[in-house]
Every structure is written in structure tokens, then in C-alpha cells.
Amino acid sequence: MLTKLPIYIIFLPFVSIFLSSILFLFFQFFSNKKYLSNLIISFFLIFLLILIIIYKFSQNLSEQQIFYLIFAYLCNSFIFMSLIQTSISSLQLTILRMIYSNPGISRKKIIKKYNSNHIFEERIKRLEATNIIYRNKSSFFLKNKKILLYLIFFSILKKLFNIR
Amino acid sequence: MFNINVCYMQVILNFIVFFLIYFFLQIFLYRFFKINLNKLFIVLSIIGISVVVGFYSYSIELLMNLININLIIICFWLLMPGIINHGPATEIIHLIANKKINNKKKLKKSFLKSRVGKAVEKRLEINISSNLIKFKKGGFVITKNTEKMLIIFNLIKRVYRLKSDAY
């Protein structure tokens, strides 16, 4: 019975995210831009492709199928972006990597090697490199105001979940 | 045979209702009982049940809804640690944007004093409580499953030429 179903619709968001990941890989190799820009560009290009497909076949697609195609692609993209972001900046993963390369390491040594001073310097460097903040003499200022939307989104969620 | 005789918009509305119920259930359980539904075991169980239901339903509408539901559950699972734990970069942006602390020395002082000041210790505790690492002969070692997970993340890092923190 399942073979009679329009399987291509079911698989399209997954094929799309695979294409997006290939495009991201291509940009990483051949573009001088930062990974975040490459990630966002590859996401939007494939999203545009999905919208074109929906537009072309709109008469054959039901509302639910259109909703599925868009929603599943957005969710898949979020999952893919989280995987990429986790590999880069997850504190938890950094600690695990440290233990993996130094088996038997003590708590004291972990905190000595990777403490909050270290994290602060690293994050400042990355925020500068990704053009979110900029330095003026010995002060830092916000360059990309769009990041405030992200901050507001998380502060609303934190308030809803009652996390201080 | 499973058959859904409903208009398609109704199916979409049903999904939105599911999303809202799931979202507010999470808030209710976490806010009042500190219960976090986003556990790997729960996520895998829901996926397992969905695979069985989807396989025997013979309905594309149900299959699409099940995929959407599972994807939203995975997204919540990935989002929740970001809500519960305070990220260092978010804290720096918060200090610059909301607290108007711009001077590097003052920024660092406030950062170290803030809730992120003990981030490493907190993440270490999370790693222990989620059985990602164990204490052996006076030091920490990673478990077999964690090793596999690290191999996957290192592969992603290498393939996509990503530069990560320290390690």
C-alpha cells in the first residue's frame, strides 16, 4: 500500500536538507565567508528551491502537503544547524573532548585548563570574528542588532520556563 | 485500515493544537515540577511508537503528521539545553546590550561574577548526571557511547572544516 503513496513528498524535506548540507560543504571549501553566513545562505537557497517546487506543483499539492514540505524542511534545518553549532561551541562537548584526549584527568585539571577566563576570551574573539560585536579601543559594542531578537526569544522562553 | 476523512486544513489545525499542547505541557511540567520531558529515552520511545503506527496506518496524511510531530519533538530536545543552561556568548551580548557594560575589564569582571562564571563546573555535573563520563581511579573517563558520539561530532567538524573551542 505504501508504494502507492506519493513517496517523493515524504522524502523531499530530507533530500532538501541533504542538498543544503552539500551546498554548505561547497561554500565551506570555496567561499571566504564565515561558516554562519555559509550555513544561512545554503539554507535559504534550498528553501527558495522548495518554494519554487511548491509554486510549480501547487495545483497537485494539498494544503497539508505544502505545510508538511515547509515545516519539515524548517525543522530539519534547525536540527542540522544545531549539529553544526554544537560541534563548534558546545561547552559540554569541549569538556568531553578534553577528557577524551586526556583520559583520567581530574576535576582540578579540567578547570585549570578550561575555565571561565578562557571561555570569555574565546567567545569575545568569536563574537568579533562573526561581526556581532566590534572593538573600539578597550571597549566592545554591539554591531549586529539582529542578535537582540535571539536574546529576546531566549529571555521570553526562560521566563516562561521560570529559569533564572 | 486507517482512514482519515477530514479536510486538510483540519489536519494542519490538529497539528498546531498538538504543538501548543506539547509546548504548554513542557512549560507546566518544568515550571511547577522541574520535570524535563526532553530526555533521549522519551524522544526515542516516541520515534519508535511513531514508526510502528506510521508503518501500519497506510495513510499519507497520518505519516506526514507523525514526521512533523517527531521533528518538533527532536527540535525541542535540541532547544531545551539552550534554555536551561546559560550560554557564555549570550551572557556577553546580554551584558553589552542590556547592562551597557562595554569596557573589556568590567565586562570580564561581570561575566565571571555572573551565572556563567561556573559554567565549566555545571557542564561537568551535567556530563556526570547524564552518564556521559564516569569517575575512575581518581579521574574522569568517557563512556563507550560518548566515544561514538564524539567520533560523529569530530567527523562533522573535519568534513565541514569547522573550528571549535580549545579542543
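Residues numbered from 1 in each chain as written. Chains lettered and ligands numbered in written order. Predicted model: local features only at pLDDT ≥ 70, side-chain atom pairs only at ≥ 80, totals over all residues.

1. Details of the overall build of chain A
The secondary structure content of chain A amounts to 7 helices and 2 strands. When the elements of chain A are put in sequence order from the N terminus, they spell out α-α-α-α-α-α-β-β-α. Over its C-alpha atoms chain A spans a radius of gyration of 21 Å, topping by over 25% the 15 Å that the globule rule assigns to 164 residues. Within chain A, the fraction of its 164 residues that count as buried is 28%. Sequence-distant contacts, at least 24 apart, represent 39% of the contacts inside chain A between residues at least 6 apart. (Helix = DSSP H or I, 4+ residues; strand = E, 2+ residues; numbered from the N terminus. Rg over C-alpha atoms; globule rule 2.2 N^0.38 Å. Buried ≥ 20, exposed ≤ 12 C-beta atoms within 10 Å, placed from the backbone. Contact = placed C-beta atoms within 7 Å.)

2. A few points about the pairing of strand β1 (residues 133-136) of chain A
All names here are of chain A. As paired elements, β1 and strand β2 (residues 139-142) share 4 bridges and run antiparallel to each other. Bridge assignment links Y134 to a residue of β2, and that residue is F141. Hairpin connection, β1 to β2: the antiparallel pair is bridged by 2 residues, and K137 has positive phi, about 60°. (Pairing = 2+ DSSP bridges.)

3. With respect to the interface of chain A and chain B
Every contact between the two is made by 70 residues of chain A and, on the other side, 68 residues of chain B. Contributing elements (two or more residues each) for the side of chain A that touches chain B: α1 (7-30), α3 (63-89), α4 (91-101), α5 (107-113), α6 (116-129), β2 and α7 (147-160) of chain A. The element that contributes the greatest number of residues to the side of chain A that touches chain B is α3 of chain A, accounting for 17 residues.

4. What to know about the confidence of the model for chain B
Residue and element names in this part refer to chain B. Chain-level statistics for chain B give a pLDDT mean of 87 and a share of 93% at 70 or above. Segment residues 1-5 is flagged for pLDDT under 50; beyond a separation of four residues in sequence, or across chains, it makes 9 contacts in the model. Prediction confidence for the complex, expressed as pTM and ipTM, is 0.87 and 0.86 respectively. (pLDDT = per-residue confidence, 0-100.)

5. Quick notes on the domain arrangement of chain B
When the parts of a complex come together, some accessible area is lost, and that lost area is often taken as the interface size. Assigned domains of chain B: these are domain 1 (8-84), domain 2 (87-130) and domain 3 (131-167). Using C-alpha coordinates to define each centre, domain 1 of chain B is positioned 32 Å away from domain 2 of chain B. (Domains from an automatic or database assignment.)

6. A short note on the nonpolar core
Residues I95, L96, I99 and I110 of chain A together with I92, I96 and V120 of chain B are the most contacted members of the largest nonpolar core, which totals 34 residues. A per-element tally of this core places α4 of chain A first, with 7 residues. In this structure I99 of chain A touches I105 of chain A together with I133, F140, V141 and I142 of chain B, once residues within four positions along its chain are discounted. By size, the runner-up hydrophobic cluster in this structure holds 18 residues, among which are I50 and Y68 of chain A together with L63 and M64 of chain B. (Core = buried A, V, L, I, M, F, W, Y, C linked by C-beta atoms within 7 Å.)

7. Things to note about the packing of helix α2 (residues 35-56) of chain A against α3 of chain A
Residues and elements named next belong to chain A. Packing of α2 against α3 leaves a shortest axis separation of 11 Å and a crossing angle of 170°. The orientation of α2 relative to α3 falls into the category roughly antiparallel. For the pair α2 and α3, the sense of crossing is right-handed. In this structure, α2 contributes L39, F43, F47, I50 and I54 to the contact, and α3 contributes I66, L69, I70, Y73, S77, M81 and I84. Residue composition of the contact of α2 with α3, by class: 11 nonpolar, 1 polar and no charged. (Axes fitted to C-alpha atoms, helices over the stretch in contact; angles between N-to-C directions. Parallel < 35°, antiparallel > 145°, perpendicular 65-115°, else oblique. Left-handed = near helix turned anticlockwise from the far one by under 90°. Nonpolar A, V, L, I, M, F, W, Y, C, P; charged D, E, K, R; others polar.)

8. Looking at α2 of chain A
Three- or four-residue spacings in an α-helix give side chains the same orientation, since the helix completes a turn every 3.6 residues. Residue and element names in this part refer to chain A. End to end, α2 covers 32 Å across 22 residues, agreeing with the expected 32 Å (1.5 Å per residue, within 8%). Those residues of α2 that sit buried are N38, L39, S42, F43, I46 and I50. Down the axis of α2, the sector holding all buried residues measures 130°, keeping them to one side. Set apart from the buried face of α2 by more than 90 degrees, the exposed residues are F44, L48, I52, Y55 and K56. Next to the buried residues of α2 lie α1 and α3. (Expected span 1.5 Å × (residues − 1). Arc of directions from axis to C-beta.)

9. Regarding helix α6 (residues 119-129) of chain B
For α6 of chain B, the set of buried residues is A119, V120, R123, L124 and N127 of chain B. In an axial view of α6 of chain B, the angular spread of the buried residues amounts to 135°, which keeps them on one side of the axis. Of the exposed residues in α6 of chain B, those oriented more than 90 degrees away from the buried face are E125 and S129 of chain B. Looking at the buried positions of α6 of chain B, the neighbouring elements they touch are α4, α5 and α6 of chain A together with α4 (88-97) and β1 (133-136) of chain B.

10. Details of the pairing of β1 of chain B
Residues and elements named next belong to chain B. Relative to strand β2 (residues 139-142), β1 runs antiparallel, the two being bridged by 4 bridges. Counterpart to K136 in the pairing with β2 is G139. Linkage of β1 to β2, two consecutive antiparallel strands, is achieved through a turn of 2 residues, within which K137 is found at a positive phi near 50°.

11. As for the packing of α3 of chain A against helix α3 (residues 60-84) of chain B
Viewed as axis vectors pointing N to C, α3 of chain A and α3 of chain B meet at an angle of 25°, and their least axial separation amounts to 10 Å. Classified by the angle their axes make, α3 of chain A and α3 of chain B are roughly parallel. The element α3 of chain A and its partner α3 of chain B pack so that their crossing is left-handed. Between α3 of chain A and α3 of chain B, the residues in contact are Q64, Y68, F71, A72, C75, N76, F78, I79 and S82 of chain A and E61, M64, I67, N68, L71, I72, I74, C75 and L78 of chain B, respectively. Its residues placed into classes, the contact of α3 of chain A with α3 of chain B shows 13 nonpolar, 4 polar and 1 charged.

12. Regarding the domain arrangement of chain A
For chain A, the assigned domains read domain 1 (2-89) and domain 2 (106-160). Domain 1 of chain A and domain 2 of chain A are separated by 29 Å when their C-alpha centres are compared.

13. A short note on unusual backbone geometry
Most peptide bonds adopt trans geometry, and most residues besides glycine take a negative phi value. All names here are of chain B. One non-glycine residue, Y58, lies in positive phi territory at about 55°. Look at Y58 and you get partly exposed, because 15 C-beta atoms sit within 10 Å. A positive phi angle is found at R161, which is not glycine, with a value near 55°. By secondary structure assignment, the location of R161 is in the segment after α7 (144-159).

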